[in-house]
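Survey of secondary and tertiary structure
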Amino acid sequence: MAVEPEHASVKGRKPPERSPGRQWSPRDVADELRTRIRAGLLPPGERMPTQARLAQEFGVERGVVRQALRILQSEHLLTNVSKGAPATVAADLGAGALLTGPGASPQPTMAALTPRINEAFSAPHVEIDALCLTAVSLTLAIGEPLRRIHAGELKPAKIDVRVLLPSRDIDLAFPTAVDGSSAERLQRQWLAHRNAQGQVLRHNLLTLRATHGIDVRVSFRALPFTPPVKLYLLNGTEALFAYYTVSRHEQQVGHERLAMYDAEGTRSVLFAFEQGAGARDTTFVEQSLLWFDALWETISSDLVLTS
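Residues numbered from 1 in each chain as written. Predicted model: local features only at pLDDT ≥ 70, side-chain atom pairs only at ≥ 80, totals over all residues. Heavy atoms only, no water.

**Overview of the nonpolar core**
Side chains of nonpolar character tend, in soluble globular proteins, to be buried together. If you look at the biggest cluster of nonpolar residues, it comprises 44 residues, and the most contacted ones within it are I117, F121, I128, L138, I142, I159 and L205. Those residues in contact with F121 that lie beyond four places of it in its chain are V126, I128, I142, P145, I149, L154, P156, I159 and L205. Residues L33, I37, A68 and I71 belong to the second largest nonpolar core, which totals 22 residues. (Core = buried A, V, L, I, M, F, W, Y, C linked by side-chain atoms within 4.5 Å. Buried < 20%, exposed > 50% of the residue type's maximum accessible area, 1.4 Å probe, protein only. Contact = heavy atoms within 4.5 Å.)

**Examining the packing of helix α2 (residues 26-38) against helix α3 (residues 51-58)**
Where α2 meets α3, the closest approach of the two axes is 12 Å, and the angle between their N-to-C directions is 110°. One way to sum up the angle between α2 and α3 is to call them roughly perpendicular. Residue-level inspection shows V29, E32, L33 and R36 of α2 in contact with α3, the latter providing L54, E57 and F58. Each residue belonging to the contact of α2 with α3 can be placed in one class, and the counts come to four nonpolar, no polar and three charged. (Axes fitted to C-alpha atoms, helices over the stretch in contact; angles between N-to-C directions. Helix = DSSP H or I, 4+ residues; strand = E, 2+ residues; numbered from the N terminus. Parallel < 35°, antiparallel > 145°, perpendicular 65-115°, else oblique. Nonpolar A, V, L, I, M, F, W, Y, C, P; charged D, E, K, R; others polar.)

**Observations regarding the sheet that holds strand β6 (residues 176-177)**
With antiparallel pairing, the three strands of this open sheet are ordered in space as β6-β11-β10. With one partner strand each, in any of the chains shown, β6 and β10 (247-253) form the two edges of the open sheet. Relative to strand β11 (residues 256-262), β10 is paired through seven bridges, and the arrangement is antiparallel. Paired with H249 across the bridge in β11 is M260. Along the sheet, helix α7 (residues 183-212) contacts β6, β10 and β11; its crossing angle with β10, the most-contacted strand, is approximately 85°. (Pairing = 2+ DSSP bridges.)

**Regarding unusual backbone geometry**
Negative phi is the rule for most residues except glycine; trans is the rule for most peptide bonds. Geometrically, the link from F174 to P175 is a cis peptide bond, its omega value of 0° lying close to zero. Mapped onto the elements of the fold, P175 is located in the loop between β5 (158-166) and β6. Of note in this structure, N80 is not a glycine but carries a positive phi near 60°. Residue position: N80 is located in the loop between β1 (78-79) and β2 (88-89). A positive phi angle, close to 55°, is found at N235, a residue other than glycine. Residue position: N235 is located in the loop between β8 (229-234) and β9 (238-243).

**A few points about the pairing of strand β4 (residues 125-131)**
Counting buried positions along β4 yields five of seven residues, so the element is predominantly enclosed. With seven bridges joining them, β4 and β5 adopt parallel strand pairing. Paired with L131 across the two strands is L164, which belongs to β5. Of the pairings in the sheet, the one linking β4 to β8 comprises four bridges and is antiparallel in character. By the bridge assignment, D129 is partnered in β8 with L233.

**Some words on the side chain of T134**
With respect to the element layout, T134 can be found in the loop between β4 and α6 (136-150). On the basis of relative accessibility, which here comes to 10%, the residue T134 falls in the buried class. Other than its neighbours up to four places away in sequence, T134 contacts L165, W190, H193, R194 and Q197.

**So, the sheet that holds β9**
Pairing is mixed across the open sheet formed by eight strands, whose spatial order is β3-β12-β9-β8-β4-β5-β7-β13. Because the sheet does not close on itself, it has two edges, and the strands there are β3 (107-108) and β13 (301-302). Pairing of β5 with strand β7 (residues 215-223) involves nine bridges; the strand directions are parallel. Following the sheet pairing, L164 is matched in β7 by R221. Contacts from helix α8 (residues 279-297) reach β4, β5, β7, β8, β9 and β12 (269-274), with the element oriented near 110° to β12.

**A closer look at the pattern of salt bridges**
Counted by the stated rule, this structure contains 13 salt bridges. Of the charged contacts, one joins R280 and D281 as a salt bridge, the two residues approaching to 2.8 Å between their closest N and O atoms. R280 gets classed as exposed once you look at its relative accessible area, which sits at 52%. One salt-bridge network, in which partners are shared between bridges, spans R34, R116, E119 and E238. (Salt bridge = Lys/Arg side-chain N within 4 Å of Asp/Glu carboxyl O.)

Below you can see the structure in the form of structure tokens.
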């Protein structure tokens, strides 16, 4: 049942407190309303509260609200944005619109990660932290925002990327041969793959310095263990989490076909959490940030992307 505009904000939530003297900007209002849409608090096809009611709720002028609504319209989250009737939540929210919050359905990594990375790059300061086995999913997902930067559609001023990968000096839990043989060959193959993906990721991002004058920093650290999970942290507000599910399969390694245990990261199912989408999501994001920082600053070591 549709909620009438005058009651819609009740279905949402009170806006977060602003620090004394700080006013809501159009981007702030857009971020809050976007969170409500993604969380399913404002479902597809539902009318938004009136601009007057939103202005009252956020304590801003109607012009600020109108700019916020236009931002969401440009993201294809709203339709019918005008000075007249209330806007409407888009009936088709697109691939990336409902991937976070309590109503989000988990999806395979490449289906979920690419649109979230793409949106993260719309921020002036992009911050991405990743813990993974080879960085192949991250490298692929960053391809689309890089294309949009080169096309002039995205213009971040600063990009910081930190990646935690397994150390070359450990015996990997996976991939590994079922019978325990060929461990050295599998380790070399994984290491070459890890290094190649890391080099491509670093090169593609650092190129933005010369081509677009963007302040880019890309850092890698080595973990003393094989991560059983993958984690992506986006702009300090979203956490995407997946288990590496190990299975037995056969793969050609050199001239030999080996039975091995491995996990296909691009198919790992990502669970999405967003700060502000409820106590559970907010706590998960905060704890994930603390966990990543702790690994980065304590037991990880320098990583060199060479064989």
